[in-house]
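Chain and residue survey
Take a look at the letters that make up each chain.
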Amino acid sequence: MSMAVVGMMAGMALGFATYFGGFGAFLLVAALGTIGFVVGRFVDGDLEPGDFFRIRDRDDDRRR
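First, a word on what this report is: a plain description of the structure on this page. In this text the structure is predicted, and so the values were computed from the model without any measurement. (Residues numbered from 1 in each chain as written. Predicted model: local features only at pLDDT ≥ 70, side-chain atom pairs only at ≥ 80, totals over all residues. Heavy atoms only, no water.)

What to know about the overall build of the chain
Looking only at helices and strands, one finds four helices and zero strands in the chain. Listed by position from the N terminus, the elements making up the chain come as α-α-α-α. The burial tally for the chain puts 3% of its 64 residues in the buried class. Accessible area for the chain stands at about 5700 Å²; split by element, carbon and sulfur atoms hold 65% of it. (Helix = DSSP H or I, 4+ residues; strand = E, 2+ residues; numbered from the N terminus. Buried < 20%, exposed > 50% of the residue type's maximum accessible area, 1.4 Å probe, protein only. Areas by Shrake-Rupley, 256 points an atom, 1.4 Å probe, with all protein chains shown as cover.)

Structure, rendered in structure tokens:
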């Protein structure tokens, strides 16, 4: 499934949540979707726990 289709489905889910449940439901669906996305990336092996807790060097910031 392409990322465009996934994005469209996520947008439709958020739209339905907003329309039927209000802004609180929108935030809940968005938060759960984000958590699900991150967990899915871990399961696929695209992310490692160290990616979130890595300390940056000052040299890395100067190169940009």
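More follows now that the structure is in view.
Overview of the environment of Ala 30
With respect to the helices, strands and loops of the structure, Ala 30 is situated in helix α2 (residues 23-44). Look at Ala 30 and you get partly exposed, because its relative accessible area is 27%. In sequence terms Ala 30 and Ala 13 are 17 residues apart; their C-alpha atoms lie 9.0 Å from each other.

Let's talk about α2
Taking 1.5 Å per residue, 22 residues should reach 32 Å; α2 reaches 31 Å between its end C-alpha atoms and fits that length. Note on α2: the residue one or two positions beyond its end, Gly 45, has a positive phi of about 90°. (Expected span 1.5 Å × (residues − 1).)

Quick notes on the packing of helix α1 (residues 3-21) against α2
Interhelical geometry of α1 versus α2 gives an angle of 150° and a closest axis separation of 6 Å. One way to sum up the angle between α1 and α2 is to call them roughly antiparallel. As α1 packs across α2, the resulting crossing turns out to be right-handed. In this structure, α1 contributes Ala 13, Leu 14, Ala 17, Thr 18 and Gly 21 to the contact, and α2 contributes Phe 23, Ala 25, Phe 26, Val 29 and Ala 30. Residue composition of the contact of α1 with α2, by class: eight nonpolar, two polar and no charged. (Axes fitted to C-alpha atoms, helices over the stretch in contact; angles between N-to-C directions. Parallel < 35°, antiparallel > 145°, perpendicular 65-115°, else oblique. Left-handed = near helix turned anticlockwise from the far one by under 90°. Contact = heavy atoms within 4.5 Å. Nonpolar A, V, L, I, M, F, W, Y, C, P; charged D, E, K, R; others polar.)

A closer look at the packing of aromatic side chains
Per the stated rule, a full pass over the model turns up three aromatic pairs. Measuring from ring centre to ring centre gives 6.1 Å for Phe 16 and Phe 20, while their planes differ by 10°; the resulting arrangement is stacked. Of the two residues, Phe 16 and Phe 20 both sit in helix α1, four residues apart, roughly one turn of that helix. A relative accessible area of 62% means that Phe 20 is categorised as exposed. For the pair Tyr 19 and Phe 20, a centre-to-centre distance of 4.9 Å together with 85° between the ring planes defines the contact as edge-to-face. Among the residues examined, Tyr 19 registers a relative accessible area of 68% and is labelled exposed. Among the aromatic residues, those joined into a cluster by ring pairs are Phe 16, Tyr 19 and Phe 20. (Phe/Tyr/Trp six-rings, centres within 6.5 Å; stacked < 30°, edge-to-face > 60°.)

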